[in-house]
Amino acid sequence: MLALISLLAQLTGDGEAGLSAIGAGLGYGLAAIGPGVGIGIVVGNAITAMARQPESAGVARTTMFLGIAFTEALALIGFVVFILLLP
Amino acid sequence: MNVFALDFPPVSHLFVWPDFLFTDTPVALNKTGLIYIAAMLLTAGLFWAAGRRRALVPTGAQTVAEAGIEFVENSIIMQTIGPDGRRYLPFLTTLFFFVFFSNIFEVVPFIQFPANSRMAIPLALALVVWAIYHVVGIRAQGFYHYFKGALFPPGVPKALYVLVAPIELLQILLIRPLSLAIRLWANMVAGHLLLVTFAVLSAALWGTLYVPAVLPFAALILLTAFEIFVSALQAFIFTILTAVYIGGSLHPEH
């Protein structure tokens, strides 16, 4: 795996820049895993709540957006690191 | 950088605009600043036009303003703070419309730049929110009780306070304003980058191969619609989180 990565990095011509680009891409991908699962759980449970009690859909929707906002922050920090790491 | 061997402008070229007015002075103006002034004038103008001639049956700007105020009151304040949060209605409504207007320039033709993809104003807004929820908390509960309630939330085993108190302190002093600012800023950066990527792809393919250009162009149209949704959603989330923080300072946990 590491050999493959360094080979890919050399293919771009500039080894250092290539490596940091690969690092940025991998970093963003890794940072997106957790929040992706988390947002899925939040939205899935909110939909369950809305389906069971349609009369409380308003509260569930507001809370769902709050939950999404808190979970999404982690993915966004990963995205910021991705931009910072770009060569 | 290149995407599929196409020339793609470096990230800094997409977000840094040269000053064109009052250059080399502290009040130098560039595109971002101009968009913020436009957003401010739009927000002020909307409510000025709505309040100028108040009609029982609203028309034009009054419809938009009344719908916005009702939305902020019913789905933000009543859901998070409660009836005593009505006094923050003017602030929260202004915040919502200002953030929305500065975001929506992302999809306005020929401007196409979300002003909030520069960190300055999101951070300034987050610092204003930071100051407001601390002042509200200290005024409502007193300095000692506000920080005691925030640092030592009830219902936590005594031994865990060693861990909880520093985390909560970091949370209310640093993490809340930073995450508020980064959430808005990074969403707008990501949206702008997406739109630019697909615009560059369609433009490059349009020059050489005409048929495959249909795909990125269709994606561009869909993403533009999605970004309108994201602009409104981010304004909503910024406002609702502000309301949640104010509500948390106003009503201590029991």
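Everything numeric in this text was worked out from a predicted model, so none of it was measured. (Residues numbered from 1 in each chain as written. Chains lettered and ligands numbered in written order. Predicted model: local features only at pLDDT ≥ 70, side-chain atom pairs only at ≥ 80, totals over all residues.)

On to the interface of chain A and chain B, then. With 14 residues of chain A at the interface, the matching set in chain B holds 14 residues. For the side of chain A that touches chain B, a count of residues per class yields 11 nonpolar, 2 polar and 1 charged. (Contact = placed C-beta atoms within 7 Å. Nonpolar A, V, L, I, M, F, W, Y, C, P; charged D, E, K, R; others polar.)

With that settled, consider the environment of Ile83(A). Residues and elements named next belong to chain A. Here isoleucine 83 lies in helix 3 (residues 57-85). A count of 15 C-beta atoms within 10 Å places isoleucine 83 in the partly exposed class. Residues isoleucine 83 and alanine 21 lie 62 residues apart in sequence; the distance between their C-alpha atoms is 9.7 Å. (Helix = DSSP H or I, 4+ residues; strand = E, 2+ residues; numbered from the N terminus. Buried ≥ 20, exposed ≤ 12 C-beta atoms within 10 Å, placed from the backbone.)

Turning next to the packing of helix 2 (residues 31-52) of chain B against helix 3 (residues 61-80) of chain B. Residue and element names in this part refer to chain B. Between helix 2 and helix 3, the shortest axis-to-axis distance is 8 Å and the interhelical angle comes to 110°. One element, helix 2, and the other, helix 3, form an angle in the roughly perpendicular class. From helix 2, Leu46, Phe47, Ala49 and Ala50 reach across to helix 3, where they touch Ala61, Gln62, Val64 and Ala65. When the residues that make up the contact of helix 2 with helix 3 are grouped by side-chain class, the tally is 7 nonpolar, 1 polar and no charged. (Axes fitted to C-alpha atoms, helices over the stretch in contact; angles between N-to-C directions. Parallel < 35°, antiparallel > 145°, perpendicular 65-115°, else oblique.)

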